[in-house]
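Structural features, examined
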Amino acid sequence: MGSPLNRIDALRQDLSDVPGLVLMEDPGDLIRFSKDAFEYSPVLKERLDGCRADLVARPAHVEAVERLAAACAVHGVPLTVRGSGTGNYGQCVPLEGGVVMLTGSLRTVRNLDPRTGVVTVEPGCPMRDLDQHLRRHGRQLRLLPSTWRSASIGGFIAGGSGGIGSVRWGFLRDPGHLLGLEVVSVEESPERLLLPATEAEALNHAYGTNGIITALQLSTAAAVDWHQLAVDCGHWSDAVALMLACGRAAVDLHLATLLERSVLEHLPAWSGPTTDRHRLLLLVAPDAVESVHRLAATVAAQVNDLGPEDLGSGNSVRELTWNHTTLHVRAAQPGWTYLQMLLPQPEQPALDALRARWGDDLLWHLEAVRQQGALRLAALPLVRWTGLDRLNALMQDCRDVGAVLFNPHVLTVEDGGLGVVDGDQVAAKQRFDPAGLLNPGKLRGWLERH
Ligand code: FAD
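Report on the accompanying structure.

Here is what the cut-offs are and how they apply
Residues numbered from 1 in each chain as written. Predicted model: local features only at pLDDT ≥ 70, side-chain atom pairs only at ≥ 80, totals over all residues. Heavy atoms only, no water. Phe/Tyr/Trp six-rings, centres within 6.5 Å; stacked < 30°, edge-to-face > 60°. Helix = DSSP H or I, 4+ residues; strand = E, 2+ residues; numbered from the N terminus. Buried < 20%, exposed > 50% of the residue type's maximum accessible area, 1.4 Å probe, protein only. Lys NZ or Arg CZ within 6 Å of the ring centre and 35° of its normal. Pairing = 2+ DSSP bridges. Expected span 1.5 Å × (residues − 1). Arc of directions from axis to C-beta. Near = heavy atom within 4 Å. Polar contact = N/O pair within 3.5 Å; in protein donor to acceptor, adjacent residues only side chain to side chain. Areas by Shrake-Rupley, 256 points an atom, 1.4 Å probe, with all protein chains shown as cover. Nonpolar A, V, L, I, M, F, W, Y, C, P; charged D, E, K, R; others polar. Salt bridge = Lys/Arg side-chain N within 4 Å of Asp/Glu carboxyl O. Axes fitted to C-alpha atoms, helices over the stretch in contact; angles between N-to-C directions. Contact = heavy atoms within 4.5 Å. Parallel < 35°, antiparallel > 145°, perpendicular 65-115°, else oblique. Left-handed = near helix turned anticlockwise from the far one by under 90°.

Here the structure, examined in full by the defined rule, presents 2 aromatic pairs. Where Tyr40 meets Tyr338, the ring centres are 6.4 Å apart and the plane angle is 80°; that geometry is what we call edge-to-face. Of this pair, Tyr40 sits in the loop between helix H2 (27-32) and helix H3 (42-48) while Tyr338 sits in strand S16 (residues 336-338), and the two are 298 residues apart along the sequence. Each of the two residues, Tyr40 as well as Tyr338, counts as buried. Measuring from centroid to centroid gives 6.5 Å for Tyr89 and Tyr207, while their planes differ by 35°, and the two rings are tilted. Here Tyr89 is found in the loop between strand S3 (79-82) and strand S4 (99-102), whereas its partner Tyr207 is found in the loop between helix H8 (197-200) and strand S10 (212-218), with 118 residues between them in sequence. Grouping residues by exposure puts Tyr89 and Tyr207 together as buried. Here Arg168 stacks its cationic end above the ring of Trp169, 4.1 Å away from the centre of that ring. Taking the ring centre of Trp236 as reference, the NZ or CZ of Arg355 above it sits at 5.5 Å.

Structure below.
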């Protein structure tokens with residue numbers, strides 16, 4: 001095999017006349033398509049800023065994906081798949097250069113089963129378009145990231161975890177969301193396979209390291225016209241209690257986000273009336289509005305009715321939650337970064353202990369989620385960046401109070417998750433990417449397999 005540059009030249013030549021495959025080499029494109037939203041982490045920013053693809057390729061159909069996969073295998077060139085590039089951990093940054101494959105032209109909704117609501121869709125379909133399609137048929141996506149207007153469905157399954165809807169539907173890797181995948185392997189003669197749910201699970205949240213997803217089969221939910229409420233509480237402990245009460249009540253809830261007052265100061269004007277209280281943001285079914293008023297009255301909270309969601313506008317409650325909260329705070333003050341964790345139960349003693357130790361270097365943002373069927377609180381606190389040693393000390397403190405950390409300052413699937421190697425993910429890589437060309441450096445279990 002030749003030098004990396006010779007290999008890219010040979011690859012380019014092989015691919016120059018593949019029908020439906022656009023190649024890009026403009027330096028601006030190489031830079032643009034080698035980045036994602038990793039700059040939220042100063043640690044990742046330092047590590048990833050210089051990484052560049054050698055070539056960008058955009059296939060228009062699955063046959064062109066197969067030709068690209070074959071050429072990469074023949075010439076031993078790394079291949080990194082990219083949806084919309086909104087991931088936060090450098091998931092689609094090509095650590096070893098090579099080809100970045102854009103999925104944006106693979107966007108067809110292939111089928112929507114009218115009886116079950118199960119949808120089959122190509123990976124580059126923007127989640128906004130997919131949700132609109134579903135809504136025309138009385139369905140909606142169960143889980144969405146707050147980037148749902150720009151993110152691709154393939155990128156969400158391969159790189160995301162949960163978000164809007166997690167209070168009801170848990171997380172993407174919970175059984176029942178991903179029902180099947182069409183996958184192309186990276187081999188000299190690529191295979192196109194249909195994987196049932198049990199086999200598809202190994203590619204769910206694997207950062208595109210163990211197969212190229214060319215179609216996804218997903219369950220959906222009945223559509224609801226969600227109503228937006230902003231509930232303001234004077235005391236933090238009351239706000240946490242109210243959030244839990246809403247999550248446990250017999251109300252249909254799509255989102256419950258709690259922001260402490262100092263976070264609110266950095267949010268855009270459309271986030272509701274100015275207040276000096278903490279704010280609970282809710283998306284509830286229309287028939288639940290009165291029940292929330294009732295629950296709020298028990299802690300003398302004030303309910304601001306922000307009206308029905310307007311999904312055509314980019315300024316809805318959704319765009320204030322999950323990592324959009326981090327986005328808004330960083331837009332006002334770039335010196336903040338963040339953490340992600342599942343809080344222990346009861347939550348308040350852990351929150352009190354961390355507040356006592358870290359004061360206003362840590363601003364609280366909580367999200368209600370369902371974890372293995374039970375209501376839990378996740379936290380995405382804003383963290384004042386004062387260096388890696390302090391960040392490590394903070395993470396240790398969080399673990400010490402019983403939180404489960406999902407570190408957003410690391411590169412591998414495992415280190416950003418529970419820290420353990422998933423043998424099924426590694427086995428799928430052996431099966432669909434035996435030469436280890438897909439998104440190299442992101443699956444620790446593969447790097448450590450010998
Ligand atoms: P990309 O970033 O392009 O890709 C993500 C990963 O998927 C990469 O490893 C890529 O290689 C892989 N991939 C993409 N397509 C394929 C394919 N066809 N086959 C195999 N692998 C593939 N995430 C959440 O989970 N919940 C949130 O609420 C959330 N909020 C966010 C808010 C902000 C402001 C930002 C910046 C990010 C947020 N994210 C969130 C992270 C990210 O936006 C989502 O995970 C999003 O769904 C990623 O989609 P994407 O199309 O941008 O994927």
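One can find Pro4 in helix H1 (residues 4-15). We classify Pro4 as exposed; its relative accessible area is 56%. Along the primary structure Pro4 and His75 are separated by 71 residues, whereas in three dimensions their C-alpha atoms are 9.2 Å apart.

Side chains of strand S9 (residues 192-196) alternate between two faces, with Leu193 and Leu195 buried and Arg192, Leu194 and Pro196 left unburied. Bridge count for strand S8 (residues 178-184) against S9 is 5 bridges, and the pairing is antiparallel. In the sheet register, Val183 faces S9, and the bridge partner there is Leu193.

Further remarks concern helix H13 (residues 347-358). Between its first and last C-alpha atoms H13 spans 17 Å; for 12 residues at 1.5 Å apiece the expected length is 16 Å, and the two agree. When we look at burial in H13, the residues that qualify are Glu347, Gln348, Ala350, Leu351, Leu354 and Trp358. One side of H13 carries all its buried residues, which in axial view fall inside an arc of 160°. Seen from the open side of H13, the exposed residues pointing more than 90 degrees away from its buried face are Ala356 and Arg357.

Once that is clear, we can look at the site of the ligand. Close contacts around the ligand come from 38 residues, with Val81, Gly83, Thr86, Ser152 and Gly162 the closest. Take Gln91: an N or O atom from its main chain is 3.1 Å from an oxygen atom of the ligand. Contact with the protein chains hides 96% of the accessible area of the ligand, taken as 970 Å² for the molecule alone. Of all the elements in the fold, those that place two or more residues in the shell around the ligand are S3, helix H6 (153-159), S10 and helix H12 (323-332). If you tally residues by element for the shell around the ligand, the top one is H6, at 5 residues. Per-class residue counts for the shell around the ligand are 14 nonpolar, 23 polar and 1 charged.

Moving on to the pattern of salt bridges. Tallied over the full model, the rule gives 25 salt bridges. In this structure, Glu319 engages Arg149 in a salt bridge whose closest nitrogen and oxygen atoms are separated by 2.6 Å. One end of the pair, Glu319, is in the loop between strand S15 (302-308) and H12; the other, Arg149, is in the loop between strand S7 (139-140) and H6, and 170 residues separate them in sequence. Taken together, the shared-partner salt bridges connect Asp360, Asp361, Arg384 and Arg390 into one network.

So, about the sheet that holds S8. With respect to topology, 5 strands assemble into an open sheet ordered S5-S6-S10-S8-S9, the strand pairing being antiparallel. Only two strands of the sheet have a single partner each, and these edge strands are strand S5 (109-112) and S9. Taken over all neighbouring pairs, the strand axes of this sheet differ in orientation by 15° on average, direction set aside. Sheet topology note: the S8/S10 ladder contains 6 bridges and is antiparallel. Bridge pairing links Leu178 to Leu218 in S10. Across the sheet, helix H4 (residues 62-75) touches S5, S8, S9 and S10, and the angle it forms with S8 is around 55°.

All right, on to the packing of H1 against H4 then. Two packed helices can be described by the angle between their axes and the distance between those axes. Between H1 and H4, whose axes approach to 10 Å, the crossing angle comes to 150°. On the basis of their axis angle, the class for H1 and H4 is roughly antiparallel. Taken as a pair, H1 and H4 cross one another with a handedness that is right-handed. Taken together, the residues of H4 that come into contact with H1 (itself represented by Arg7, Ala10, Leu11, Asp14 and Leu15) are Arg67, Leu68, Ala71, Cys72 and His75. Here the residues of the contact of H1 with H4 sort into 6 nonpolar, 1 polar and 3 charged.

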